[in-house]
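Structural features, examined
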Amino acid sequence: MLLEVRDLQVEFRTRDGIAKAVNGVSYSVDAGETLAVLGESGSGKSVTAQAVMGILDIPPGKITGGEILFRGQDLLKFKEDERRKVRGAEMAMIFQDALSSLNPVLSVGDQLGEMFLVHRGMSKKDARAKAVELMDRVRIPAAKERVKDYPHQFSGGMRQRIMIAMALALEPALIIADEPTTALDVTVQAQVMDLLAELQREYNMGLILITHDLGVVADVADKIAVMYAGRIVESAPVHDIYKAPAHPYTRGLLESIPRLDQKGQELYAIKGLPPNLMNIPPGCAFNPRCPMAQDVCRTDVPPLFEVDEVRRSACHFWRECLHG
Amino acid sequence: MAEPILQVSGLVKHYPLTQGIVFRKQVGAVKAVDGVDFELGRGETLGIVGESGCGKSTVAKMLVNLEKPTAGEIRYKGEDIARLSGKALRSVRRNIQMVFQDPYTSLNPRMTVGDIIGEPYEIHPEVAPKGDRRTKVQELLDVVGLNPEYINRYPHQFSGGQRQRIGIARGLALRPEIIVADEPVSALDVSVQAQVINLLDRLQSEFELSYIFIAHDLSIVRHISDRVGVMYLGRIVETGRDSEIYEHPTHPYTQALLSAVPVPDPEAREHRERIILAGDVPSPTNIPSGCRFRTRCWKAQERCALEVPALAVPAEFRFATGPAAHDSACHFAEEKQVVPPEETPEEAPKEPSEQEE
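Given the structure is predicted, the values throughout are model-derived calculations rather than measurements.

From N to C terminus, chain A includes 13 helices and 12 strands. For a compact globule of 324 residues, the expected C-alpha radius of gyration is about 20 Å, and chain A comes in at 21 Å, within 12% of that figure. By principal-axis analysis of the C-alpha atoms, chain A measures approximately 65 × 50 × 40 Å. Within chain A, the fraction of its 324 residues that count as buried is 48%. Put simply, of all contacts in chain A between residues at least 6 apart along the chain, 63% involve residues at least 24 apart.

Below, the structure written as structure tokens:
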């Protein structure tokens, strides 16, 4: 297994108290595999990714438990300089907002070349040549001329390609993409997702795709982990989850989105709001919004039940949900 | 279509680009909206879709008179509101209200919810006399599904979805006939989007509203709209009833746009044809000659660079009566189905939705 996260716990200390952002998350990705982590804002999907990358702000953040095994070694036991060697070279991240992730006062060539200067000790000239090569790989037209341009001179889609180029620079084994296409228009989104999928196949990389878009997930993922209030509530191969969700939250999400190929009447809406992380409801965190909630849901935290060999659901009534 | 309540014709908005400080001269123009025509029927929802920079938000601003059109007419019940001013304008504005995209920046953080929703009454005191306002505001809060006791709270005490409800309540305060909603749900989480869309649906029948619904999300627009207009670079390139546009698109841009939307169904990914457009949208300062889509179109020929295609029923379909016979601005329009038809057998646990006709 390339990456295995086991029972990860992350807290944030704030003025108003302790927010439990990640509350025992486990997932795994293999080489060449795509895992989609699906969740709404505040579900802990990005915080988990930041902990894996080692870019969590500590403090206020704090990892209070769990393991992050990368090729069998626990990254949480690494010293910062060892960690740094892994970051960038072995695993890389693509962020949502390319404009604010790129340095506005450096040319894109300098930013791409920096990877090779720092990690590979190349000369400036070689690094520049590598930068051009990378820009070609992500199909930026006229890469040779554009390598001197600054981020603001590129369109949104092109900037996101540069982010992808940067992540790919050192040919990492794992890429974490945090909402890589959310800020882009649909036609450009399709271009960028296609490019990412193609490069993943070519380099046989593991990909963790963090998103809230059920459409994007259905298009590219092999398996899904659905997060809610800092926990994984359901994980399954992509085909299973869309056919018959085994958790009422997943089911609610699937039913609440309007679809291009269907004209529905009234949309199903999950009532209420996601919980405040400083005050997660006792029992199942979803119980106040759940149409199937019973007494046991308000008292006992549901473990991840085994639905079958590859499927897990954190619902006391997963059987009813799956078949009803 | 029902009797039109709003008729827009030849609507143009150009922002001049100038050079020089003392002797300013115009060196060009950003052609944000470049000739848009549409009609809105009473009680109808017109969806306008397009990518960023296509001019859809500028159209919205002109409809509520936040921008003056460079040319063209906006007729509300036959009267051109773009030419009105003073008292006459104020009374028309009462009937056309707007709901903004970002509920975080469109509400004043220093005002209470009661003041925000009640502010329209300061300008239009004839709608609610002073003593009456508090109860009116509380009624509105109740209508949009918020607790009327929250009247003294501030915007930061609400979540995104609740704030959008406040924005909607403010839009409803003057009992308008038309609501222009510019991306009203795109800043919200998925599970909250559905709540707000359902609310808009319910309010429409309750208050007999007509909506102009502007969005980039094609699935949401399909859900809510009776008719749809697709915009590209300042113009509407295709327009028709929702089933005509989604199931029988004839303009290549619409086809590409629809095929690019991810469908939440992994079974569909194998047998879906996707049209991936090359490149980006050209700059609105330098619009291509002839058909403005030709630089990204796979069907473009010489004629497309010379002749501007008119938005009309294409010649091929002129005498047909089928759903392909709707307005499409393309010289080489042809029908192409890109969205899988609605027959999926054991689709989700939802009952099969009715075919809209």
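Moving on to the interface of chain A and chain B. A common way to state how big an interface is: give the accessible area lost once the parts meet. In this assembly, 41 residues from chain A lie in contact with 41 residues from chain B. For the side of chain A that touches chain B, the secondary structure elements donating two or more residues are helix 8 (186–203), helix 9 (214–220), helix 10 (238–243) and helix 11 (248–256) of chain A. Considering only residue class, the side of chain A that touches chain B consists of 17 nonpolar, 14 polar and 10 charged.

To continue, consider unusual backbone geometry. Residue Ile 58 of chain A is joined to Pro 59 of chain A through a cis peptide bond whose omega torsion reads -25°. Locating Pro 59 of chain A in the fold gives a position in the loop between helix 1 (45–53) and strand 4 (61–70). Here the phi dihedral of Asn 65 of chain B falls at roughly 65°; this positive angle occurs in a residue that is not glycine. The partly exposed category is assigned to Asn 65 of chain B, around which 19 C-beta atoms lie within 10 Å.

Let us now look at helix 9 (residues 252–260) of chain B. Most of helix 9 of chain B is tucked away, with 9 of its 9 residues classed as buried. Of the residues making up helix 9 of chain B, those classed as buried are Pro 252, Tyr 253, Thr 254, Gln 255, Ala 256, Leu 257, Leu 258, Ser 259 and Ala 260 of chain B. Elements in contact with the buried residues of helix 9 of chain B: helix 8 of chain A together with helix 7 (218–224), strand 9 (227–232), strand 10 (235–241) and helix 8 (242–247) of chain B.

Let us now look at the nonpolar core. In summary, soluble globular proteins display a tendency toward joint burial of nonpolar side chains. Counting residues in hydrophobic clusters, the biggest one holds 188 residues, and the most contacted among them are Ala 165 and Ile 224 of chain A together with Ile 212 and Val 230 of chain B. The leading source of residues in this core is helix 7 (residues 156–168) of chain A, at 8 residues.

Residue and element names in this part refer to chain B. Relative orientation of the contacting elements helix 3 (residues 113–123) and helix 5 (residues 160–172) amounts to 30°, with a least axis distance of 7 Å. Of the possible angle classes, the one that applies to helix 3 and helix 5 is roughly parallel. Considering only the axes of helix 3 and helix 5, their crossing is right-handed. Residue-level contacts link Val 113, Ile 116, Ile 117 and Pro 120 of helix 3 to Ile 166, Ala 169 and Arg 170 of helix 5. A per-class count over the contact of helix 3 with helix 5 returns 6 nonpolar, no polar and 1 charged.

Attention now goes to the domain arrangement of chain B. Residues and elements named next belong to chain B. As far as domains go, chain B holds domain 1 (4–231) and domain 2 (251–328). Computed over C-alpha atoms only, the centres of domain 1 and domain 2 are separated by 28 Å. Opposite the 12 residues of domain 1 that make contact, domain 2 presents 10 residues. Every element with two or more residues in the side of domain 1 that touches domain 2 is listed here: strand 2 (25–41) and helix 7. Per element, the largest residue contribution to the side of domain 1 that touches domain 2 is 6 residues, and it comes from strand 2. Considering only residue class, the side of domain 1 that touches domain 2 consists of 6 nonpolar, 3 polar and 3 charged.

Attention now moves to the sheet that holds strand 10 of chain B. Either a parallel or an antiparallel arrangement is found when strands of a sheet pair, and the pairing is made through backbone hydrogen bonds. All names here are of chain B. The strand order 6-7-8-3-9-10-11 describes an open sheet built from 7 strands, whose pairing is mixed. Of all strands in the sheet, those bounded by a partner on one side alone are strand 6 (96–99) and strand 11 (327–328). Contacts from helix 9 reach strand 9 and strand 10 within the one sheet, and its direction differs from that of strand 9 by about 100°.

Attention now moves to helix 8 of chain A. All names here are of chain A. The first and last C-alpha atoms of helix 8 sit 26 Å apart over 18 residues, in line with the 26 Å expected at 1.5 Å per residue. Within helix 8 the residues assigned to the buried category are Val 186, Thr 187, Val 188, Gln 189, Ala 190, Gln 191, Val 192, Met 193, Leu 196 and Gln 200. One or two positions beyond helix 8, positive phi appears at Asn 204, with a value near 50°.

Rules and cut-offs
- Sequence order as written defines residue numbering, which begins from 1 separately in each chain.
- Note on labels: chains are lettered from A, ligands numbered from 1, in written order.
- Restriction of local features to residues with pLDDT of at least 70 applies here, the model being predicted, together with a cutoff of 80 or more for giving and counting side-chain atom pairs; totals for whole chains, interfaces and linings are based on all residues.
- Strands here are runs of E lasting at least two residues and helices are runs of H or I lasting at least four, both read from the DSSP assignment and numbered beginning at the N terminus.
- As defined in this context, the radius of gyration uses C-alpha atoms, and a globule is described by 2.2 Å times the residue total to the power 0.38.
- Partly exposed residues are those whose C-beta has more than 12 but fewer than 20 other C-beta atoms within 10 Å; with 20 or more the residue is buried, with 12 or fewer it is exposed, and the C-beta atoms are placed from the backbone.
- Here the contact rule is simple: place C-beta atoms from the backbone, and any two residues whose C-beta atoms are within 7 Å are in contact.
- When residues are sorted by character, Ala, Val, Leu, Ile, Met, Phe, Trp, Tyr, Cys and Pro go into the nonpolar class, Asp, Glu, Lys and Arg into the charged class, and all the rest, Gly among them, into the polar class.
- Joined through C-beta atoms within 7 Å, a set of buried Ala, Val, Leu, Ile, Met, Phe, Trp, Tyr and Cys residues constitutes a nonpolar core.
- What counts as an axis is a line fitted to C-alpha atoms, over the stretch in contact for a helix, and the angles between N-to-C directions run from 0 to 180 degrees.
- Convention used here: angles under 35 degrees read as roughly parallel, angles over 145 as roughly antiparallel, angles from 65 to 115 as roughly perpendicular, and any remaining angle as oblique.
- Less than a right angle of anticlockwise turn of the near helix away from the far helix marks a crossing as left-handed, whereas a clockwise turn marks it as right-handed.
- Domain segmentation is taken from an automatic or database assignment of domains.
- At least two DSSP bridges between two strands are needed for those strands to be called paired.
- The span expected for a helix works out to 1.5 Å for each residue beyond the first.

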